[in-house]
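Per-entry structural report
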Amino acid sequence: MLLANIAQNLNLNPINEPSADVEVTSGYASDLLSDVLAKAKNGAIWATNQKHINIIGVAVMLNLAGVIIAGGIEPDENTVAKAREENIPLYITETSLFDVAGKLYELGLRST
Amino acid sequence: MNDTVASLHFKFEVNGGDFAKAGDASSRVKKILQQIGADQAIIRRVAIACYEAEMNVVIHARHGFVVLDADLEKIIIVVDDEGPGIEDIELAMTPGYSTAPDSVREMGFGAGMGLPNMKSCSNEMEIHSRRDVGTTIRMVFENA
Ligand SMILES: Nc1ncnc2c1ncn2[C@@H]1O[C@H](COP(=O)(O)OP(=O)(O)O)[C@@H](O)[C@H]1O
Ligand SMILES: [Mg+2]
């Protein structure tokens, strides 16, 4: 599934979107960075309530397709700057983390 | 193939408490491995383990280095720091064990999964530590 379809379906607000023509192969939702590192697949879209710069570092390490900050939380300024520098798609949404994960699941994405 | 073994060596500095730069050393390591054409699976394992080790320096220690050595057969990551050291290594290796402060836990670090992640990503892992001096972790990753 393309990132563009997900962004549209969930009505995500793009903060950094170098390209939405990116294949998303799985999804993951977690606020624990070690959990994401251990379990999220390369190419996953990751939904979280974390907003600090290190979420972009994690996305880079795993070649994630993108990061969604859920629950109406605003990313830190340096998070946005880092996402731009590293070309990591970053979205925000008012939708809760629970609902974002549910919608991604409904679209057919799985964590494995 | 000819008999000259291509090998490379890089060293990156890591500063304790610097969360804005945390992960940069691991990101450099990963980019180098991509440039030399290492395979995706080994890059993922090295990236995860190196990031966890680098974060441990940022979270728990004062200052350190990430050293990358790679040749055709294997990749070696050594993360060496000046810091409090790990008093009981076996205890520290227990999944869920963490001494990270609340401020760091709120960021989603400090789940006590870093050392277990590093162990499961690497083919070999050795920890040497002296209390109030520092910690050295050496991880070997073999090409499958
Ligand atoms: N480089 C280090 N220097 C000092 N203590 C460390 C270091 N790395 C790990 N530790 C100790 O081992 C514990 C477990 O580490 P880890 O599994 O990475 O979990 P976490 O970093 O989430 O606490 C840490 O909480 C800390 O007490
Ligand atoms: Mg850790």
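Residues take numbers from 1 onward in each chain, read along the sequence in its written order. Chains carry letters from A onward and ligands carry numbers from 1 onward, assigned in written order. Only residues with pLDDT of 70 or above have their local features reported here, since the model is predicted, and side-chain atom pairs are shown and tallied only from 80 upward, although totals for entire chains, interfaces and linings are computed over all residues. Heavy atoms throughout the structure, all of them, feed into the side-chain values; hydrogens and water do not.

Details of the overall build of chain B
Spelled out, the test is: Helix and strand assignments follow DSSP, with helices taken as H or I runs no shorter than four residues and strands as E runs no shorter than two, numbered in order from the N terminus. For a compact globule the rule gives 2.2 Å times the number of residues to the power 0.38, and the radius of gyration it is set against comes from C-alpha atoms. For the exposure calls, accessible area comes from a 1.4 Å probe over protein chains only, and a residue counts as buried if that area is under 20% of its type's maximum, exposed if over 50%, partly exposed in between. The contact criterion used is simple: two residues touch if any of their non-hydrogen atoms lie within 4.5 Å. Using the Shrake-Rupley algorithm and a 1.4 Å probe, accessible areas are obtained, with residue cover drawn only from the displayed protein chains. When charges are counted, Lys and Arg are positive and Asp and Glu negative, with His and the chain ends excluded. By convention, charge coordinates are those of NZ in Lys, CZ in Arg, CG in Asp, or CD in Glu.
Across its full length, chain B holds 5 helices and 5 strands. Along its sequence from the N terminus, chain B presents helices and strands in the succession β-α-α-β-β-α-α-α-β-β. For a compact globule of 144 residues, the expected C-alpha radius of gyration is about 15 Å, and chain B comes in at 15 Å, within 12% of that figure. Per-residue burial over chain B gives 49% buried out of 144 residues. Within chain B, contacts between residues at least 6 apart in sequence are counted, and of these 63% link residues at least 24 apart. For chain B, the exposed area adds up to about 7,500 Å²; of that, 49% sits on carbon and sulfur atoms. Within chain B, the 22 negative side-chain charges are centred at a point lying 3 Å from the centre of the 14 positive side-chain charges.

Brief notes about the sheet that holds strand β4 (residues 66-69) of chain A
All names here are of chain A. We apply this condition: Strands pair, by our definition, only if DSSP identifies at least two bridges between them. As a rule, the C-alpha atoms of each element are fitted with a line to give its axis, helices using only the stretch in contact, and angles between N-to-C directions run from 0 to 180 degrees.
The strand order across the open sheet formed by 5 strands is β1-β5-β4-β3-β2, and the pairing between neighbours is mixed. The strands lining the two open edges of the sheet, one partner per strand, are β1 (13-16) and β2 (26-29). Shown here is a sheet whose adjacent strand axes are inclined to one another by a mean of 25°, direction ignored. Alignment of β4 against strand β5 (residues 90-92), held across 3 bridges, turns out to be parallel.

Here we look at the site of ligand 1
All names here are of chain B. To keep things clear, this is the line we draw: The criterion for a residue being near a molecule or strand is simple. One of its heavy atoms has to lie within 4 Å of it. Whenever a nitrogen or oxygen atom comes within 3.5 Å of another N or O atom, the pair is scored as a polar contact, on the condition that within protein one atom can donate a hydrogen and the other can accept it, and that pairs from neighbouring residues in sequence are kept only if both atoms are in side chains. Here the nonpolar group is Ala, Val, Leu, Ile, Met, Phe, Trp, Tyr, Cys and Pro; Asp, Glu, Lys and Arg are the charged ones; every other residue, Gly included, is treated as polar.
Every one of the 19 residues lining ligand 1 counts as a neighbour, but His 60, Asp 81, Ser 98, Thr 99 and Leu 115 are closest to it. Between ligand 1 and Asp 81, the relevant distance is 2.8 Å, taken from a nitrogen atom to a side-chain nitrogen or oxygen of the residue. Protein chains shield 95% of the accessible area of ligand 1, which is 530 Å² for the free molecule. Those elements that provide at least two residues to the shell around ligand 1 are α2 (40-60) and α5 (114-121). The leading source of residues in the shell around ligand 1 is α5, at 3 residues. Within the shell around ligand 1, the residues separate by chemical class into 9 nonpolar, 9 polar and 1 charged.

Digging into the pairing of strand β5 (residues 134-142) of chain B
Residues and elements named next belong to chain B. Across 9 bridges, strand β3 (residues 74-82) lies against β5 in antiparallel orientation. Residue pairing across strands places Ile 77 opposite Met 139, the latter belonging to β5. Taken together, the 7 bridges between strand β4 (residues 124-130) and β5 define a ladder with antiparallel strand orientation. Bridge pairing in β5 links Ser 129 to Thr 135. The hairpin turn running from β4 into β5, its antiparallel successor, is 3 residues long, and Asp 132 in that turn takes a positive phi close to 65°.

Some points on the side chain of Asn 54 of chain A
Position of Asn 54 of chain A among the secondary structure elements: in helix α3 (residues 54-61). Among the residues examined, Asn 54 of chain A registers a relative accessible area of 1% and is labelled buried.

Considering the interface of chain B and chain A
Definition in use: Two parts placed together each lose some accessible area; with a 1.4 Å probe, that loss summed over both constitutes the buried area. By convention in these notes, a salt bridge is any Lys or Arg side-chain nitrogen within 4 Å of a carboxyl oxygen on Asp or Glu.
Counting residues at the interface gives 23 residues for chain B, matched by 24 residues for chain A. Interface area, chain B with chain A, both sides summed: about 1,800 Å², of which 50% is carbon and sulfur. On the surface where chain B and chain A come into contact, there are 2 salt bridges. In this structure, Lys 82 of chain A and Asp 24 of chain B form a salt bridge, with 2.9 Å as the shortest nitrogen-oxygen distance. Joining chain B to chain A, the criterion identifies 13 residue pairs in polar contact (both at pLDDT 80 or more). Elements that contribute at least two residues to the side of chain B that touches chain A include exactly α1 (24-35), α2 and α5 of chain B.

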